[in-house]
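Overview (structure and organization)
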Amino acid sequence: MAFDLSALRSQFRSAKADLLTQFAQSRPTAAASRKLLHSLAKLVDQTLEQLWSEHGLPKGAALVAVGGFGRGELFPYSDIDVLVLLPGTTTECAGTESGRAVEAFIGSCWDLGLEIGSSVRTVSECADEAGKDVTIQTALLEARHICGSRARFDALQKATAKHMDPVAFLQAKTLEMRQRHIKYEDTPYSLEPNCKESPGGLRDLQVVLWVARAAGLGKNWHELAVKGLVTPFEARQLQRNEGVLKLIRARLHQIAGRREDRLIFDLQTSVADSFGYTNTKALRSSEVLMRRYYWAAKAVTQLNQILMQNIEERIHGSQDDPMRPINDKFFDRGGFLEVACDDLYRRDQHAILETFLTFVRENTLKGLSARTLRALYNSRDLMNGTFRRDPANHQTFMEILKEPQGQTRVLRLLNQTSVLGRYLWVFRRIVGQMQHDLFHVYTVDQHILMVMRNMRRFFIPEHAHEYPFCTQLASEWEKPWLLYIAALFHDVAKGRGGDHSVLGAKEVRTFCKEHGISAEDSKLVEFLVSEHLTMSRVAQKEDLSDPDVIQAFARRVGNERYLTGLYLLTVADIRGTSPKVWNAWKGKLLEDLFKLTLRALGGSRPHMDAEIENRKQHARHSLALYFLPRGIEENLWKTLDMSYFARHDAADIAWHTRCLWQLVDTPLPIVKARLSSVGEGLQVLVYAPDRPDLFARVCGYFDRAGFTIQDAKIHTTGTGYALDTFQITSAPSSLHEGVHYRDLIALVETQLRDAAAADTPLHEPSRGRQSRRVKSFPIQPRVSLRPDERAQRWLLSVSASDRSGLLYVIARVLASNNVNVQLAKISTLGERVEDTFLVTGPSLRQDKVQLEIEKQLLEAVAA
């Protein structure tokens, strides 16, 4: 070749590096990102033109930018999509000098470091393929001439325009957008959103311009405003939020050093730092960044909905279709709620909330029309302090909550349109607020709406199969709207610093006073918000077999109404954090606590002697069903004290007895497993001569075998045997296709028996795997070792980021210090563990030893 490719490569790389350096050092503004994108596109244009001229491409050929590159913008590591337009057919070109020139040109592009996506077509081939494939049609819609024959490019434009069917194109792009939204979790609030493809991302804006362009309605926001599809204010909002998203995407590419459109945990802090955000007491820098992203994505979602409906009406000519009047303010336009006039909210601000009351009462409506959405969007300035203090609005909002159905839909719609946050100003503060606590997978506002949805389902008979006990309790609850208010406010004070339960209780007290809720009902709602974490903590961390624990909790709730409300809110809350956090075992713990507390509230302190005798009697009945001789239980039961019978129900006592009545004095470990009666998994019984490292050996086996311990009940008999029961589950990946827990019983029994009998030193803990989220947002591990109220046993609490093998690490430290575990409450909240152990050991009475154990545990869980 006559020109120096390596010199051109160096020149291109140097120029690109200079642009990226200037961008990195510039203030994080939309103008800076816009300058970068246009400069990169211009640099590539110039480089391609130089390569084109040097390769002697056939006369009449043209080089065309398509796809995103066709818009004259290029993100730092995006693909460069180009089309080589040939004068003849591609078949005629193949193998000729012209064909070899095209191949050399494309090869040189790659040699130069241009990651091009190339296609070689004639005008007629492009037109034919565009007619068959909407993706090609979309790419050609934004075609831009770079160099070569202008006439050839003009012919392409005419040919593709001729084959464009705006109605079919709109339908195809709408379906494509819905599928994409579903793929990306159907929410703008994903914790690791794709700023290009997620709902509310750049692609949603591009879709609007594509369908508008296909229909001849405009190529940019200014042209759409001229055609009346958007107002000047909306055009400015579109440009502003598009600028935010482009800036974030450009920073992502620049920091990652690759094409990366996802705001993944690993990069969120670095991107936030590039914006100049810093950590505060209440918020991490990454949370500030993500809130800015979510607000932009939310605005894009709203504007996309308005514009897509508007364009659809223009294309179909349905804007003048007849409408069904609902009242003097609203119409039903084909299933969508339409305002009677564009300035309705300016003339009557009360109509803003009345929109949503009408929507929830007219259950045939599918949503709000583009005209209504636009009127709401442009009336946000009206929703001020006066609006929030207006008694008429208070009454309307309460009517919405008191409607017999539709609260989930209407509250989501209130949030989507930003009305909820402007009416409840405290709610606005948590819109788009991330939660880096390793178990919430939603932003605070989305979590609250999930809790609201769960609470509503308790009152819907069709969902009784999901929450049978909750549905039973809800059917007897008088005022469901009180629980809805508690759900709305339970986390509303997050991100401020301080105890969000206490702060939230103050906020809901103010709300109740302003909205005319009686003192009795206000007191209940305030209690639910302030105590919404208490029931979960007691159920998962304390010994429910201890009458004092139940009595203390009963005193705290005070009466059955408060207990029932707190139980329903707790279940709704846990199930609204993450699909992974809730399980049947947590459900059983909460239900057990509810029933035990209800009995205590009945006025009688639990009489353990009578309760234990009742359990024994039920266990004997169960044994009789297996035709076992009468009295076979005595040999085992005489070695067991009251605490054993207090911690196990009759079914477990009967199972233990069936397994062990002939083996009470066995010198070898006995391991028995059965399908869990509570959800998925196995229940495993370990009976063996006790020793300090037995619990550690059991935990070590479960870790190596890929099981997770959900719960452990540890007991030592009067004859020195450990009688331990474990609830275990396996990761889905560990269960191969066609393998059921039933198939694992024999394997667990054999392997765990060998592990329990081993006398080799405890194996070194493996370096447990941590998720990306844990690595990006680790929590400070905490260990607390304190005596119980009787100072006979010690309560050990461990809080840390979860990783595989963590429980074995803890058990190994305890075993090495001759500390016996009597009870283990294993609580995994997403990717955070909150484990509690009841332990004993003579050395624990020494302060120096206690401190050393705490130090060893901190080092172990933090490793």
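Treat the numbers as computed from the prediction; the structure is a model and nothing was measured.

Moving on to the overall build of the protein chain. Assigned secondary structure in the protein chain consists of 39 helices and 17 strands. Overall, the protein chain is about 100 × 70 × 55 Å in size when its C-alpha atoms are taken along their principal axes. Counting the 863 residues in the protein chain, one finds 56% classified as buried. Taking the intrachain contacts of the protein chain between residues at least 6 apart in sequence as the baseline, contacts between residues at least 24 apart amount to 71%. Element-wise, carbon and sulfur atoms account for 50% of the exposed surface of the protein chain, whose accessible area totals about 37,700 Å². Each charge class in the protein chain was averaged separately, 111 positive and 103 negative side chains, and the resulting centres sit 3 Å apart.

For a regular strand, side chains alternate in direction, first toward one face of the sheet and then toward the other. Burial analysis of strand 14 (residues 794–801) places six of its eight residues in the buried class, the great majority of the element. Relative to strand 14, strand 13 (residues 782–787) runs antiparallel, the two being bridged by six bridges. In the sheet register, R786 faces strand 14, and the bridge partner there is L795. In the sheet, strand 14 pairs with strand 17 (residues 832–840) via eight bridges, with the strands oriented antiparallel. What sits directly across from L796, in strand 17, is F837.

Take the environment of I460 next. Within the secondary structure, I460 sits in the loop between helix 22 (444–458) and helix 23 (468–474). In sequence terms I460 and P404 are 56 residues apart; their C-alpha atoms lie 10.0 Å from each other.

With that settled, the discussion passes to the pattern of salt bridges. Tallied over the full model, the rule gives 48 salt bridges. Residue R203 pairs with E197 through a salt bridge whose shortest N-O separation is 3.4 Å. The same class applies to R203 as to E197, namely buried. Between E338 and R371 there is a salt bridge, with its nearest N and O atoms 3.3 Å apart. With a gap of 33 residues between them, E338 in strand 7 (residues 336–339) and R371 in helix 16 (residues 370–377) connect regions that are remote in the sequence. For R371, a relative accessible area of 27% corresponds to the partly exposed category. Three or more residues are tied together by salt bridges with common partners; here these are D79, R249, R259 and D261.

Their axes nearest at 12 Å, the elements helix 27 (residues 534–541) and helix 28 (residues 547–557) cross at an angle of 175 degrees. Classified by the interaxial angle, the pair formed by helix 27 and helix 28 is roughly antiparallel. Seen from helix 27, the contacting residues are T534, M535, R537 and V538; seen from helix 28, they are V549, F553 and R556. Its residues placed into classes, the contact of helix 27 with helix 28 shows four nonpolar, one polar and two charged.

Mapped onto the fold, N304 is located in helix 13 (residues 285–316). A residue is classified by how much of its surface remains accessible, and N304, at 7% relative accessible area, is buried. Not counting residues up to four positions away in its chain, the partners in contact with N304 are M177, D204 and V208.

Take the pairing of strand 6 (residues 330–333) next. Bridge count between strand 5 (residues 324–325) and strand 6: two bridges; the pairing is antiparallel. Bridge assignment links P325 to a residue of strand 6, and that residue is F331. Here strand 5 folds back onto strand 6, and the loop between the two strands holds four residues. Relative to strand 7, strand 6 runs antiparallel, the two sharing four bridges. Among the inter-strand pairings, F331 is bridged to a residue of strand 7, identified as E338. Linking two consecutive strands that pair antiparallel, namely strand 6 and strand 7, is a turn of two residues; a positive phi of about 55 degrees is found at G334 within it.

If you trace the four strands from one edge of the open sheet to the other, you get 3-2-1-4, paired in mixed fashion. Of all the strands in the sheet, the pair left with one neighbour each is strand 3 (116–122) and strand 4 (144–148). The average angle at which neighbouring strand axes cross in this sheet is 25 degrees, direction not considered. With four bridges connecting them, strand 1 (residues 62–65) and strand 2 (residues 80–86) associate as antiparallel partners. Residue pairing across strands places V64 opposite L83, the latter belonging to strand 2. Packed onto the sheet, helix 2 (residues 30–54) meets strand 1, strand 2 and strand 4 and runs at close to 30 degrees relative to strand 4. Along the sheet face, helix 5 (residues 123–132) touches strand 2 and strand 3 and points at about 110 degrees away from the line of strand 3.

This paragraph deals with the confidence of the model for the protein chain. When pLDDT is averaged across the protein chain, the result is 89; 94% of the residues are at 70 or more. By mean pLDDT, the top-scoring element of the protein chain is helix 26 (residues 519–530) (98), and the lowest-scoring one is helix 3 (residues 90–93) (58).

Glancing now at unusual backbone geometry. Keep in mind that most residues, glycine aside, have a negative phi and that most peptide bonds are trans. You will see that S418, though not glycine, has its phi angle at about 70 degrees, which is positive. Relative to the helices and strands, S418 resides in the loop between helix 19 (407–416) and helix 20 (419–423). The class of S418 is buried, set by a relative accessible area of 9%.

If you check helix 30 (residues 584–601), its first and last C-alpha atoms are 25 Å apart, about what 18 residues at 1.5 Å a residue would give, namely 26 Å. Those residues of helix 30 that sit buried are W585, K586, G587, L589, L590, L593, F594, T597 and A600.

Glancing now at the packing of aromatic side chains. All chains considered together, the criterion is met by 22 aromatic pairs. Geometrically, the ring pair formed by F469 and Y567 is edge-to-face, given 5.6 Å between the ring centres and 70 degrees between the ring planes. Residue F469 is found in helix 23, and its partner Y567 is found in helix 29 (residues 560–575); the two are separated by 98 residues along the sequence. Considered together, F469 and Y567 belong to a single accessibility category, that of buried residues. Among the aromatic residues, those joined into a cluster by ring pairs are F387, F397, Y423, F489 and F511.

So, how was this worked out
- Residues numbered from 1 in each chain as written.
- Predicted model: local features only at pLDDT ≥ 70, side-chain atom pairs only at ≥ 80, totals over all residues.
- Heavy atoms only, no water.
- Helix = DSSP H or I, 4+ residues; strand = E, 2+ residues; numbered from the N terminus.
- Buried < 20%, exposed > 50% of the residue type's maximum accessible area, 1.4 Å probe, protein only.
- Contact = heavy atoms within 4.5 Å.
- Areas by Shrake-Rupley, 256 points an atom, 1.4 Å probe, with all protein chains shown as cover.
- Lys, Arg positive; Asp, Glu negative; His and termini not counted.
- Charge placed at Lys NZ, Arg CZ, Asp CG, Glu CD.
- Pairing = 2+ DSSP bridges.
- Salt bridge = Lys/Arg side-chain N within 4 Å of Asp/Glu carboxyl O.
- Axes fitted to C-alpha atoms, helices over the stretch in contact; angles between N-to-C directions.
- Parallel < 35°, antiparallel > 145°, perpendicular 65-115°, else oblique.
- Nonpolar A, V, L, I, M, F, W, Y, C, P; charged D, E, K, R; others polar.
- pLDDT = per-residue confidence, 0-100.
- Expected span 1.5 Å × (residues − 1).
- Phe/Tyr/Trp six-rings, centres within 6.5 Å; stacked < 30°, edge-to-face > 60°.

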